[in-house]
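Understanding the architecture of this molecule
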Amino acid sequence: MNNTIFNKLSPKETKFFPLLEEFAEIIMQVSTLITECVTNYQYDAALELFKKIKEQERRGDRLLADIFEKLNTTFITPFDREDIHNLANTLDDVTDNINSCAKRIVMYHPIKIPESAVKLGRILIDGAEILKKAVKKLATLKKDADTLKEYCNQLHLFENEADDIYESFIIDLFKTETDAVEIIKLKEIMHELEDAADTIEKVGKVIKTIIVKYA
Amino acid sequence: MNNTIFNKLSPKETKFFPLLEEFAEIIMQVSTLITECVTNYQYDAALELFKKIKEQERRGDRLLADIFEKLNTTFITPFDREDIHNLANTLDDVTDNINSCAKRIVMYHPIKIPESAVKLGRILIDGAEILKKAVKKLATLKKDADTLKEYCNQLHLFENEADDIYESFIIDLFKTETDAVEIIKLKEIMHELEDAADTIEKVGKVIKTIIVKYA
Amino acid sequence: MNNTIFNKLSPKETKFFPLLEEFAEIIMQVSTLITECVTNYQYDAALELFKKIKEQERRGDRLLADIFEKLNTTFITPFDREDIHNLANTLDDVTDNINSCAKRIVMYHPIKIPESAVKLGRILIDGAEILKKAVKKLATLKKDADTLKEYCNQLHLFENEADDIYESFIIDLFKTETDAVEIIKLKEIMHELEDAADTIEKVGKVIKTIIVKYA
């Protein structure tokens, strides 16, 4: 830890932005990998894709640890310490949700994966795209507040869409699937995907809070 | 955002109380609606009641957004910013639990709803009544600290009662129900009701923390 | 509440350490009790052990309330208020996880408990041992930062081990168990144990944050 007084007091306004952008990039990668995993699902391919997702999830963990250490040893930050903390944590939660989904597919080995999983995966990719753009605009928050708000609204719409897809899936599952074990498996796998969309929307809410405070 | 210096600096001690009271009122409404829903449960009526609960849940979301914006743009607040933040969030969680319960009834379409759901619903109504009174007393915290503590203790007793009802229900469910799918459905529906009682108690804990700090 | 100005302003640097040490001791006790419960599992013995775990869990609740009150009425604390708050809360979560596990065994009454539950129990005991040592070193944080970091790393290794055991168990459960109701029961019971190991690691993460800030 290079935690000298000099380092503590020198302004580091910009050093968090590239780290947050890297987080958004990780989310794009795991979203793409999980969508590949549920499209024409085959167990052996899913196992390989899970390993790649796991690698990205660990990369996210290291990144989070890096951000926390920088937060704790930096005196001046662009926003309140707790806002960056919250933002990084929520970005990490998205990665965790997607990793959990892939892990459950591998552990549970379901017979098939429903088509609605592909739809949810595509929403995650779209959400990750918006996240990447939004995180990039944080550096110019005051100038780009309106664009940022628009991104947050889009994330909200994606979440509503994901919610509807998940709801229809669950209603259909309980109507048509008679094997309780298969219900347990698919319900949890799909729930993690819906949760990921939910967490992406939460990132939007954290950004909205930052806008209200600093724009 | 009417975020002028003047607005930021003028004392706004009282503007949060009516908003918190409105939240307690929303909780009373959804508690009453969910109790209606599980009493003599019929699917079509449940669907209509879910829509009404959903409306209240959205009203709660807007209220929460309103409180957060006011918190972020107000310089002087009656308590620490984080205490009001925490209180509003926990009140919103109660509404979310009850909305989740209604949604699950609609999505899962269980064959029947157990009598213990009605008992839990009535505890939620009693808890909402106490919440309404408690939130009203926050404005006169110093004078009414003892009454407030008594309310918090009552919420704790309600939670214990809800816990016992849920526990007996689960024991009975696993003893008597042989259909695993029905177990999955009822366990989750009942769990959300128990969780709602738990979250109402949590509101009491947040209030207790506020008492310790400011009374 | 003995909340005079004098009391608020006098330094109380050391009064939180014994309380945190007591928490670590509670975790050791419940870890030992739950391991006893899942070793050669018999329902009547499990019921008695649950009662003892429940007692410890309530002791933890009182301890947490005590810490919070002291935090709210003490002006000077050894670390940031929020760090002790966070540490105590996370220690309490460990106790809650283990209590939840015991409660589920009693409520669900599974036919048998898998051998891997014993393995998880032993990891919890090892983790509790490290927690006790770590909490004791907090009082001499600056001098013992390296030892503390080493403890946190060990907790991380335990969590990885617990994760692997849980994963193998789940894969095996879905392969060999055909009774969906038994799957529901064992999955949840085992998940609480894995969660307890996870929460113990989280305590390590909170301690790591404290090291970065104050060592």
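It should be noted that the structure appears before, not after, this text.
Throughout what follows, the structure given in this document is the object of discussion. Computed from a predicted structure; not experimentally measured.

Here's the deal with the interface of chain C and chain B
Many descriptions give the size of an interface as the accessible area lost when the pieces come together. Opposite the 13 residues of chain C that make contact, chain B presents 13 residues. Together chain C and chain B conceal approximately 1300 Å² of surface at their shared face, both sides included; 69% is due to carbon and sulfur atoms. For chain C, the biggest contributors to the area lost against chain B are Asn72(C), Met107(C) and Ile184(C); these three give 40% of the whole. For the pair chain C and chain B, the interface holds three salt bridges. The partner of Lys103(C) in a salt bridge is Glu167(B), with the nearest N and O atoms 3.6 Å apart. Here chain C and chain B share two residue pairs in polar contact (both at pLDDT 80 or more) between them. At the level of secondary structure, the elements contributing two or more residues to the side of chain C that touches chain B comprise α3 (43-73), α4 (81-108) and α7 (180-214) of chain C. The dominant element in the side of chain C that touches chain B, judged by the number of residues it contributes, is α7(C), at five residues. Partitioning the side of chain C that touches chain B into residue classes produces six nonpolar, three polar and four charged.

Observations concerning the relation of the copies chain A and chain C
Mapping chain A onto chain C is achieved by rotating through 120° and translating by 0.1 Å along the same axis, at an RMSD of 0.0 Å. When the rotation and shift are considered jointly, the pair of chain copies conforms to a three-fold rotation axis. Minimal C-alpha distance to the rotation axis in chain A is attained by Ala180(A), lying at 3.5 Å. The two copies present different faces, since only 15% of the interface residues in chain A are matched by interface residues at the equivalent positions in chain C.

Focus on the nonpolar core
Among the nonpolar cores identified, the biggest contains 238 residues, and Ile67(A), Ile67(B) and Ile67(C) are the most heavily contacted of them. Contacts of Ile67(A), omitting those with residues within four sequence positions, involve Phe16(A), Leu19(A), Leu20(A), Phe23(A), Ile84(A) and Ala88(A).

Some words on the side chain of Glu182(B)
All names here are of chain B. Here Glu182 lies in helix α7 (residues 180-214). The side chain of Glu182 sits in the buried core without any salt bridge; Lys185 is the nearest counter-charge, 4.1 Å away. Apart from the residues lying within four places of it in its own chain, the contact partners of Glu182 are Pro110, Ile111, Lys112 and Glu177.

Looking at the packing of aromatic side chains
Under the definition given, this model contains three aromatic pairs over all chains. Considering the side-chain rings of Phe174(B) and Tyr108(C), the 4.8 Å spacing of their centres and the 55° angle between planes classify their relative orientation as tilted. One end of the pair, Phe174(B), is in helix α6 (residues 145-176); the other, Tyr108(C), is in helix α4, on a second chain. Exposure class is identical for Phe174(B) and Tyr108(C). Each is buried.

Points about the side chain of Thr35(B)
Of note, Thr35(B) is situated in helix α2 (residues 16-38). Apart from residues lying up to four places away in sequence, Thr35(B) is in contact with Val118(B), Gly121(B), Arg122(B) and Ile125(B).

Details of the interface of chain A and chain C
Facing 13 residues of chain A, the contacting portion of chain C comprises 13 residues. Between chain A and chain C, the buried area comes to about 1300 Å², and carbon and sulfur atoms account for 68% of it. Interface area lost by chain A to chain C is led by Asn72(A), Met107(A) and Ile184(A), which between them contribute 40%. Summed over the shared surface of chain A and chain C, the number is three salt bridges. Linking chain A with chain C are two residue pairs in polar contact (both at pLDDT 80 or more). For the side of chain A that touches chain C, the secondary-structure elements that each account for two or more residues are α3 (43-73), α4 (81-108) and α7 (180-214) of chain A. Tallying contributions element by element places α7(A) first for the side of chain A that touches chain C, with five residues.

Observations concerning the relation of the copies chain C and chain B
Placing chain C over chain B gives an RMSD of 0.0 Å and needs a rotation angle of 120°, together with 0.0 Å of translation along the axis. Mapped onto chain B, only 15% of the interface residues of chain C are again interface residues, and the two copies thus contact each other with different surfaces.

Quick notes on the pattern of salt bridges
Applying the stated rule across the entire model yields 36 salt bridges over all chains. The salt bridge partner of Lys143(A) is Asp144(A), with a shortest N-O separation of 3.7 Å. The partner of Lys137(C) in a salt bridge is Asp144(C), and the shortest N-O contact between them spans 4.0 Å. On the basis of relative accessibility, which here comes to 10%, the residue Asp144(C) falls in the buried class. Through salt bridges with shared partners, a single ionic network connects Arg104(A), Glu188(A), Glu192(A) and Lys187(C).

Rules and cut-offs
- Residues numbered from 1 in each chain as written.
- Chains lettered and ligands numbered in written order.
- Predicted model: local features only at pLDDT ≥ 70, side-chain atom pairs only at ≥ 80, totals over all residues.
- Heavy atoms only, no water.
- Contact = heavy atoms within 4.5 Å.
- Buried area = accessible area lost by both parts, 1.4 Å probe.
- Salt bridge = Lys/Arg side-chain N within 4 Å of Asp/Glu carboxyl O.
- Polar contact = N/O pair within 3.5 Å; in protein donor to acceptor, adjacent residues only side chain to side chain.
- Helix = DSSP H or I, 4+ residues; strand = E, 2+ residues; numbered from the N terminus.
- Nonpolar A, V, L, I, M, F, W, Y, C, P; charged D, E, K, R; others polar.
- Least-squares fit on C-alpha atoms with pLDDT ≥ 70 in both.
- Core = buried A, V, L, I, M, F, W, Y, C linked by side-chain atoms within 4.5 Å.
- Buried < 20%, exposed > 50% of the residue type's maximum accessible area, 1.4 Å probe, protein only.
- Lys, Arg positive; Asp, Glu negative; His and termini not counted.
- Phe/Tyr/Trp six-rings, centres within 6.5 Å; stacked < 30°, edge-to-face > 60°.

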